[in-house]
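Residue-level listing of the chains:
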Amino acid sequence: MNMDGDGSTTDASQLGITGEYMAGSHFVLAQAPEGDEGLNDHEDGNGSKDNLREQDIYLPIANVARIMKNAIPQTGKIAKDAKECVQECVSEFISFITSEASERCHQEKRKTINGEDILFAMSTLGFDMYVEPLKLYLQKFREAMKGEKGISGVTVTEGMGEELTEETFTNPLPAGIITADGQQQNVMVYTTSYQQIPGVQQLQFS
Amino acid sequence: MSEKTMEEKVEQATNSKNVSLPMSRVRLIMKSSPDVSCINQDALFLTTKATELFVQHLALSSYKNGSGKETNTLSYSDLANAAEETETFQFLTDILPKKILARDYLKSLEEMKKDDDSL
C-alpha cells in the first residue's frame with residue numbers, strides 16, 4: 001500500500017518525526033499484525049513497483065538467494081521479501097557502477113567500457129574493498145578463457161602480413177592456435193593481448 | 001570470431017569458473033543504462049563478480065547488524081537499516097524505504113496535531 005501524494009508524507013512540518021526519516025526517503029505503509037516479519041506490499045515475485053524503472057530487469061531470484069544464503073551463518077534464514085528486495089538492490093548496484101564507468105568513458109572519448117573503468121568506478125563509489133579480489137578473479141577468468149579453444153583478444157596485426165604466404169590463406173584456420181603453454185601450432189604468428197601472468201597458482205574455488 | 005561463439009565461451013567459463021550469476025542478464029541490465037554502447041568482456045565479468053560480492057556483503061552486513069541475531073532471520077527492515085546506516089549502501093535508500101506500521105504513523109500524526117494545538 002503506497003502512500004500517494006508523497007509530498008505530504010515527506011513534508012517536514014507535517015511529520016514532525018525525527019530527522020532520520022526526513023532525509024529524502026519516503027514511507028511505505030505496511031499492514032502489520034503482530035509478529036509478522038517480511039511484509040510485502042507486492043504480490044508478484046518480482047516486487048514490481050507502481051512506476052516502471054529501468055531497473056525492471058533483475059537477476060534470477062534463485063541465484064541471488066543462494067548467494068545470500070551462503071553469505072550468512074548456516075542457521076540463518078532469509079525472509080521472502082528480503083530476497084526480492086536484494087534482487088532489486090542488485091540491479092540498482094549494477095546500474096550505479098555502470099553509469100559511473102560509462103561517464104568516465106565518455107569523458108575520455110572512448111566508446112567501450114573496459115575493466116579498468118569498472119574497477120575505477122567501484123573505487124570511486126565506495127566499493128574499493130572489492131577491487132583487489134576482483135583483480136585476482138579476473139586473472140583466473142582470463143586463464144580459463146585461454147585454456148579453452150578460441151582465445152579472446154587474439155588479433156593479427158598488419159605487421160605480420162609479410163610473413164603470410166598464399167598458402168596459409170587457403171587453409172581455414174581456427175582462431176586459437178597458441179595453447180596455454182605457449183606453443184605455436186602453425187606458421188602464423190599472432191600478436192595478442194596475451195599476458196603472461198607469472199606465478200599464478202591454481203587456486204581452489206570454494 | 002562471432003558474438004555467439006564468444007558468448008558460449010563466456011558461459012563456459014562462467015560454469016566452470018564459479019561465477020554464479022548469468023552474465024548475459026548482467027549485460028542486459030548494464031545496457032539499460034543511458035549512453036552505454038559497448039561493454040568489453042573484462043568489464044562484464046568484473047561487474048558480474050562484483051555483484052556477487054555485493055550480495056554477500058549486503059546480506060551479511062544487514063544480518064549482523066539487524067534483528068537477525070535474535071530471530072535468526074534476515075528481514076526487509078534489516079536491509080533498510082543497513083542502507084541508511086552504512087555509507088556504502090546509501091545509494092539504496094531510495095529503493096529501500098523504511099516501512100512503518102500504519103498505527104505508528106497515525107499516532108505520530110496525532111501527536112503532531114496535539115503539539116500544534118498547544119501552541
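Definitions and cut-offs
- Residues numbered from 1 in each chain as written.
- Chains lettered and ligands numbered in written order.
- Predicted model: local features only at pLDDT ≥ 70, side-chain atom pairs only at ≥ 80, totals over all residues.
- Heavy atoms only, no water.
- Helix = DSSP H or I, 4+ residues; strand = E, 2+ residues; numbered from the N terminus.
- Buried < 20%, exposed > 50% of the residue type's maximum accessible area, 1.4 Å probe, protein only.
- Contact = heavy atoms within 4.5 Å.
- Salt bridge = Lys/Arg side-chain N within 4 Å of Asp/Glu carboxyl O.
- Expected span 1.5 Å × (residues − 1).
- Polar contact = N/O pair within 3.5 Å; in protein donor to acceptor, adjacent residues only side chain to side chain.
- Phe/Tyr/Trp six-rings, centres within 6.5 Å; stacked < 30°, edge-to-face > 60°.
- Core = buried A, V, L, I, M, F, W, Y, C linked by side-chain atoms within 4.5 Å.
- Patch = residues over 30% accessible without salt bridge, like charges linked within 9 Å, V, L, I, M, F, W, Y side chains within 5 Å.
- Areas by Shrake-Rupley, 256 points an atom, 1.4 Å probe, with all protein chains shown as cover.
- Lys, Arg positive; Asp, Glu negative; His and termini not counted.
- Charge placed at Lys NZ, Arg CZ, Asp CG, Glu CD.

Regarding the overall build of chain A
Phase 1 of the analysis: When you go through chain A residue by residue, the secondary structure sums to seven helices and five strands.
Phase 2 of the analysis: Ordered by position from the N terminus, the helices and strands of chain A form the series α-α-β-α-β-α-β-α-α-β-α-β.
Phase 3 of the analysis: For chain A, the residues scored as buried account for 34% of the 206 residues in total.
Phase 4 of the analysis: The long-range share in chain A, meaning contacts at least 24 apart out of those at least 6 apart in sequence, stands at 49%.

What to know about the pattern of salt bridges
Phase 1 of the analysis: Applying the stated rule across the entire model yields nine salt bridges over all chains.
Phase 2 of the analysis: Between D117(A) and R110(A) there is a salt bridge, and its shortest N-O distance comes to 2.9 Å.
Phase 3 of the analysis: With relative accessibility at 1%, the residue D117(A) sits in the buried group.
Phase 4 of the analysis: Overall, the relative accessible area of 26% leaves R110(A) in the partly exposed class.
Phase 5 of the analysis: Of the charged contacts, one joins K98(B) and E84(B) as a salt bridge, the two residues approaching to 3.7 Å between their closest N and O atoms. Placement of K98(B) in the loop between α5 (76–85) and β3 (99–101) and of E84(B) in helix α5 is noted, with a sequence separation of 14 residues between them.

Some remarks on helix α3 (residues 41–65) of chain B
Residue and element names in this part refer to chain B.
Phase 1 of the analysis: Look at α3: 36 Å from first C-alpha to last across 25 residues, which is about the 36 Å you get at 1.5 Å a residue.
Phase 2 of the analysis: Across the 25 residues that make up α3, a large majority, 19, are buried.
Phase 3 of the analysis: Two to three positions downstream of the cap, the backbone nitrogen of D42 sits 2.9 Å from a side-chain oxygen, assigning the N-cap of α3 to N40.

Remarks on the environment of Y130(A)
Phase 1 of the analysis: Turning to its location among the elements, Y130(A) is positioned in helix α6 (residues 128–147).
Phase 2 of the analysis: A residue is classified by how much of its surface remains accessible, and Y130(A), at 4% relative accessible area, is buried.
Phase 3 of the analysis: On a C-alpha basis, the gap between Y130(A) and L119(A) in space is 8.6 Å, while along the polypeptide they are eleven residues apart.
Phase 4 of the analysis: The contact partners of Y130(A), leaving out residues within four places of it in the chain, are F93(A), M122(A), A50(B), L53(B), F54(B) and H57(B).

Considering the packing of aromatic side chains
Phase 1 of the analysis: One pass over the structure, following the stated rule, counts ten aromatic pairs over all chains.
Phase 2 of the analysis: Centroid distance F93(A) to F91(B): 6.4 Å. Interplanar angle 45°. Geometry classified as tilted. Residue F93(A) is found in helix α4 (residues 80–107), and its partner F91(B) is found in the loop between α5 and β3; the two belong to separate chains.
Phase 3 of the analysis: Note on F91(B): relative accessible area 16%, which makes it buried.
Phase 4 of the analysis: Taken together, a centroid distance of 5.9 Å and an interplanar angle of 70° make the contact between F54(B) and F89(B) edge-to-face.

Details of the nonpolar core
Phase 1 of the analysis: Core analysis: the largest hydrophobic core is formed by 61 residues, its most contacted members being F54(B) and L92(B).
Phase 2 of the analysis: Mapped by element, the contributors of at least two residues to this core are α3 (61–71), α4, α5 (115–124) and α6 of chain A together with α2 (23–31), α3 and α5 of chain B.
Phase 3 of the analysis: A total of eleven residues in this core trace back to one element, the largest contributor, which is α3(B).

Details of a negative patch on the surface
Phase 1 of the analysis: Together, E110(B), E111(B), D115(B), D116(B) and D117(B) make up a negatively charged patch on the protein surface.
Phase 2 of the analysis: Structurally, the position occupied by E111(B) is in helix α6 (residues 102–118).

Just geometry here; none of it tells us what the structure is for.
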